Every structure is written in C-alpha cells, then in structure tokens.
Amino acid sequence: MDVSRTFARPAAPVLSRPVAAAVAVLAVGAALGAGQLVAGLLSPTSSPYLAVGDAVIRVAPPPLVEFAKSAFGTADKPVLLAGMGVVLLLVAAAAGLASRRSSVPAQVVVGVLGVAGIAAVVLGPAFTATDLLAPVVAAGVGLWVVRALHRLALAAAAAPEAPGVRGLPRRTVLLGATAAVGVGALAAGGIGVAVGRGTIDSRARLTQRLTAATVTREAPLPAGTDFAAELGTTRFLTPNPEFYRIDTALRVPQLRAEDWRLRVHGRVARELSLTVDDLLARPLVERTITMTCVSNEVGGDLISTARFVGVELADVIREAGPQPGADQVFSTSTDGWTAGTPTDVILEPGRGALLALGMNGEALPAEHGFPVRMVVPGLYGYVSATKWVTDLELASFSARDSYWVQRGWGERGPIKTECRIDLPRGFSRVPAGRVTVAGIAWSQPRGISRVEISVDGGPWAPAELAAEVGGDTWRMWRGTVDVGPGSHTVRARATDGLGNLQTEERADVLPDGATGWPAMIFSAT
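Residues numbered from 1 in each chain as written. Predicted model: local features only at pLDDT ≥ 70, side-chain atom pairs only at ≥ 80, totals over all residues. Heavy atoms only, no water.

### What about the packing of aromatic side chains?
Logical step 1: For the coordinates displayed, the defined rule picks out seven aromatic pairs.
Logical step 2: Taken together, W337, Y382, Y403, W404 and W409 form an aromatic cluster joined through their ring pairs.
Logical step 3: In this structure, R407 is placed above the aromatic ring of Y403, and the distance from its NZ or CZ to the ring centre is 3.7 Å. (Phe/Tyr/Trp six-rings, centres within 6.5 Å; stacked < 30°, edge-to-face > 60°. Lys NZ or Arg CZ within 6 Å of the ring centre and 35° of its normal.)

### Quick notes on the packing of helix α6 (residues 104-122) against helix α7 (residues 133-158)
The angle between the axes and the distance between the axes are what describe a pair of packed helices.
Logical step 1: Running from N to C, α6 and α7 point in directions that differ by 175 degrees, and their axes come no closer than 9 Å. One way to sum up the angle between α6 and α7 is to call them roughly antiparallel. Taken together, the residues of α7 that come into contact with α6 (itself represented by A106, Q107, V110, G111, G114, G117, I118 and V121) are P135, V136, A139, G142, L143, V146 and R147. (Axes fitted to C-alpha atoms, helices over the stretch in contact; angles between N-to-C directions. Helix = DSSP H or I, 4+ residues; strand = E, 2+ residues; numbered from the N terminus. Parallel < 35°, antiparallel > 145°, perpendicular 65-115°, else oblique. Contact = heavy atoms within 4.5 Å.)

### Some remarks on the pairing of strand β5 (residues 303-312)
Logical step 1: Among the ten residues in β5, nine count as buried, and that is most of the element.
Logical step 2: Two strands pair when backbone bridges link them, and strand β4 (residues 284-292) and β5 are joined in this way by eight bridges, in the antiparallel orientation. Residue pairing in the sheet places T290 in a bridge with T305 of β5. (Buried < 20%, exposed > 50% of the residue type's maximum accessible area, 1.4 Å probe, protein only. Pairing = 2+ DSSP bridges.)

### Re the packing of helix α2 (residues 17-42) against α7
Logical step 1: Contact geometry for α2 and α7: axes closest at 8 Å, N-to-C directions at 155 degrees. Taken together, the axes of α2 and α7 are roughly antiparallel relative to one another. Both α2 and α7 take part in a crossing whose hand is right-handed. Only L133, A134, V137, A138, V141, G142, V145, V146, L149, H150 and A153 of α7 make contact with α2, whose side of the interface consists of V19, V23, L26, A27, A30, A31, A34, G35, V38, A39 and L42. (Left-handed = near helix turned anticlockwise from the far one by under 90°.)

### Some thoughts on the sheet that holds strand β16 (residues 461-462)
Logical step 1: Strand order in the open sheet made by the five strands is β13-β20-β19-β15-β16, with mixed pairing throughout. At either end of the open sheet lies a strand with only one pairing partner, and these are β13 (429-430) and β16.
Logical step 2: Bridging between β13 and strand β20 (residues 519-524) involves two bridges; their strand directions are parallel. Residue pairing across strands places R429 opposite S523, the latter belonging to β20.

### Digging into the sheet that holds strand β6 (residues 328-333)
Logical step 1: Spatial ordering of the open sheet is given by β3-β2-β11-β6-β7, a layout of five strands whose pairing is mixed. With one partner strand each, in any of the chains shown, β3 (272-274) and β7 (338-342) form the two edges of the open sheet. Within this sheet the neighbouring strands show an average axis-to-axis angle of 20 degrees, counted without direction.
Logical step 2: Sheet topology note: the β6/strand β11 (residues 389-395) ladder contains six bridges and is antiparallel. Of the residues in β11, the one forming a bridge with V329 is L394.
Logical step 3: Those strands touched by helix α12 (residues 313-320) are β2 (262-266), β3, β6 and β11, and its axis lies near 145 degrees from that of β3.

### Notes on the nonpolar core
Logical step 1: Core analysis: the largest hydrophobic core is formed by 81 residues, its most contacted members being L206, F308, L313, L355, L357 and L392.
Logical step 2: Setting aside residues no more than four positions away along its own chain, L392 makes contact with L262, R263, V264, H265, L313, I317, V329, F330, S331 and M374.
Logical step 3: In terms of nonpolar packing, the next biggest core, distinct from the first, is built from 20 residues, A441, V451, M520 and F522 among them. (Core = buried A, V, L, I, M, F, W, Y, C linked by side-chain atoms within 4.5 Å.)

### What to know about the environment of L423
Logical step 1: Mapping L423 onto the fold places it in strand β12 (residues 418-423).
Logical step 2: In this structure the C-alpha to C-alpha distance between L423 and A438, which are 15 residues apart in sequence, comes to 5.0 Å.
Logical step 3: Those residues within four positions of L423 in sequence are excluded, and the remaining contacts are L231, T233, T436, V437 and A438.

### Brief notes about unusual backbone geometry
Logical step 1: At the junction of F370 and P371, the peptide bond is cis and its omega measures out at 10 degrees in the coordinates.
Logical step 2: Topologically, P371 is positioned in the loop between β9 (362-363) and β10 (373-375).
Logical step 3: Here the residue pair Q444 and P445 is connected by a cis peptide bond, since its omega of 0 degrees sits within 30 degrees of zero.
Logical step 4: Relative to the elements of secondary structure, P445 occurs in the loop between β14 (433-442) and β15 (448-455).
Logical step 5: One non-glycine residue, N360, adopts positive backbone phi at about 55 degrees.
Logical step 6: Looking at where N360 falls in the secondary structure, it is placed in the loop between β8 (354-359) and β9.
Logical step 7: In this model, D456 sits at a positive phi of 55 degrees, which is unusual for a non-glycine residue.
Logical step 8: With respect to the helices, strands and loops of the structure, D456 is situated in the loop between β15 and β16.
Logical step 9: Overall, D456 belongs to the partly exposed group, its relative accessible area being 45%.

### Points about α6
The periodicity of an α-helix, 3.6 residues per turn, causes residues three or four places apart in sequence to face the same way.
Logical step 1: Here α6 is 19 residues long and its end C-alpha atoms lie 27 Å apart, about the 27 Å a rise of 1.5 Å per residue gives.
Logical step 2: Within α6 the residues assigned to the buried category are A106, V110, G114, G117, A120 and V121. One side of α6 holds all its buried residues, which, seen down the axis, span an arc of 125 degrees. Looking at α6, the residues exposed on the side facing more than 90 degrees away from the buried face are V108, V112 and V115. (Expected span 1.5 Å × (residues − 1). Arc of directions from axis to C-beta.)

### Describing the side chain of N296
Logical step 1: Residue position: N296 is located in the loop between β4 and β5.
Logical step 2: Using a relative accessible area of 7% as the deciding quantity, one classes N296 as buried.
Logical step 3: Within the local environment of N296, its side chain forms a polar contact with the backbone nitrogen of L302, the two atoms lying 2.8 Å apart.
Logical step 4: Discounting chain neighbours no more than four positions away, the residues touching N296 are D301, L302, I303, W442, V509 and A514. (Polar contact = N/O pair within 3.5 Å; in protein donor to acceptor, adjacent residues only side chain to side chain.)

Printed below as a string of structure tokens:
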C-alpha cells in the first residue's frame, strides 16, 4: 500500500495568468465606474479618477505643465487621463499576476488605490463632506469585486464543469460574472459622465434671455478688420468652438444658471450674494475683448477674440465697498481654482472688466465658464479670467496667493506687446518675387499703432494695419516683400498705442509671459 499517495492533499487551484490579470483589471474598472456614477449623481468634482488627475496637475512642477501645454496643446487633459488609465491598467494587471493563488495581493493594491482616491478627493480645493461618498463607494466596490471574482475563478479552476449557480458549470458562471462586471463598470462610468446634462437646457434658456434683454451694444465691426477673405488668415472674431481653452478642469463643470450663486465678501463694507437673475436685472453691456494666455509662446496661438455680454464688474465691487488694503480681488471657481486680480485694475475708469454671461451672441459655452466668468481686458487670463466663478473675496496680495502664483508665476500679469506672423507659413514654399507677409499684433489695453517687417536682416518696413476696433483687441496687419529664390527669414515687431516698441529680448513664458520678435523661415522657388 502506497501510504504517501493515500494521505496526499490535492494541489490548490492556481489561476492562469490571463484570468488572474483580468480579475484585478475588472475590479479596478468596477471601482472607477462606481465612483464615476456616484460622483455624477452627487458631486462631479468628487470623482476619484478626476481628483487624482487634478492632484497630479496641482503638484506637477511648472516646467512640466508648460511642456504638456506646448507638446499637446488643448489635448493635454485627455492625454493625462489616458496616461492615468494606462498606468492603472498595468498596475491592476501586475496585481492580478501576483494573485494567482490568493486574492490578498490584489486586494492590497485595490485598497491602496482606493485610499489614494479618497486622499485626492479630501485634499481637493473644493472638498465637502458629501464628496467622500464617491471614493469610498469606489474602494468598497473594487474590494468586493476582486474577492468575489477571485473566488469564482478559483472554483472554476479547481473544477470547471462542476455545478455552480442554478446548476450551471462553474466556468460558465465565471464568464457570466466577468461579462456582467465589465459591462456594469462601463455603463456606470458612462452614466456618471452623462448625468448633469441639465446644463444644455439651462444654457439654451439663458441664451434666449440674453437675446431678449436690453444690452448696450458696441457698434458693428468696421469694414476691413481682418484679411481673412483675401488671405485666409485669422478672423477678427473667433468662433466659440475655436476659442482657445486653457484651464485645470479635467471635467468641464456642468452647472445650471438657475443654481448659480456668487458671493462677494472679505474686506468689504457689505457682503453680496448674487444670482443670474440679479445680474440680468442690472445694465448689460457688450464688449469686444481679446483674451491672451500667459503660456502663449512667441508666435503661439493661445489668443482669441470674442464679443462678451455681461455686467460691469467694477460696479459690483464698488457696491460691496472695498476697504483700505483690499488690493486684490481673489476669485474662486466652482472647482476650487483661484485667481488674484488687482483691485485697482478692475476699478480703473474705462477698463471694462466684466462678469460675463454671453459670448458671441449666445450664453457662455460650458467649457468657457457657463454660466458666469470673469473677463478683465489687459491682464493675462491666469490672473483675471476665472471661469465658473462662484466667489469673489476682497483681500490683499500679501495675505492670499492664487493658484498659479503659488507655482511661481507673476503676481499681476499685465499683457505685453506682441505680434505673430501667420503668412508665409513656417518652412513653406512660395513663388519668388512679391510675397505677402501677414499676421496679428496685440497690446491690450494700449492697442497697436504700428507693425514693421524685415526680411533677412534688412531694413524695417511698415506694414498695412487693418481697421482698429479698440485697444482691448488684437489688430491684423499685412505687407509685401520682394525675395529671390532660396531660403529667407522674415521678422516682425509691433509698437503699442503709446508709442512703445515691442522688446526684442527673448524671454520664456515663466514667470509673466514670453517676449521677443517672431521670425518665420520660408523658401522661394
């Protein structure tokens, strides 16, 4: 009799590598879907996935942020989210491979990810107690799914054809449960993203109200404000879908105008609480304003122009009664982002700062701050153009540092005199002879009085300026040069409305905007 064979224990089941990896990946996917669903129902900013992405943006060093902007442009946020997804997929798969015999390694990894999600939400700038629910539910669902699926997978591995639920083979039960978890995770995530679409209807209603409202309109644009019809260059007014977008919001806040409130407080004589109805009851004005991002490189495209409709921000600040020393209007977005705007600039006669509700004939698009945003001409957006604004605190610069100032950017952000060459395109080939050179120049709020161009280091020649709309907007220009066959370099420089020449000195965007004369290389044949 073989005693060793009689008392030998059966080998413990071991999951195959693909199954083990799939179990952990599905658990993480279920956690993300559950978190997104709860966040969509209760508080979009509490999504643990988006909260971690926001945390990455907050702690990333400024040079890395600028690299992402220059490398990916407005696609930087989708790239970040996609990169996070890939990292999570790899981490989950590795955790699964370490859990072929026991679910403990996968549970530890899912638990750590859950804690990271909870921490990111709690440390977010706009955290409230309700926001805890989404990351906690996500962590709980992830842990439950990884344990349940791992048990099913082990049972199926031990005896795949043995009866499981309702007499079905264990392998069939495992496949069904896996499919259900996968579909459920995708559906929950999709529903969480789709919830809150009441913004669309609210925006349509506000557009109708703005259309019917009495607005002090600006004069129609004069003829010849751009050369787009002749040259195909930049149009004077930027269509809303083409207007540049730079912000830190990984998910555009989905707000309703009916729910919006603005609190004005701090070092003021009286606090104010304003609704959209309150703003619509005030005098509405239209302003044509060119907005510029401080991250715009020399020759860059982070600049656009629109006609905004809103109320005078200076009137709101005066009504609150700023107290001595309140030299900063510290604005906060619904997602916790902050900006600090010099109070004296907002109150400057003729500055035209707005609490804007409309943009190019309609309510603000969601991605541009619906229902209300700040627009202050003459300042880079990072200190003046808070989207989805919900809070204005009168404070001092010595007491509060806003989001980008904390990260090393300049405190006040006045826009510098700059220009850009749009024609000829970089490294393009054109016929030798007379070549059209065209572009835009800006110096808000001083305006542009002159643009000059030079080819191959030759003398500077004045360009033709398009019709002027105002100092708060860009100005188009064009000229012609004679060139022979070969490679050529054209440069441009602008002079502002006060007679100050744009500086030739090259400077990076950090800390307060790039400078330098733009240049374009092209070939003539």
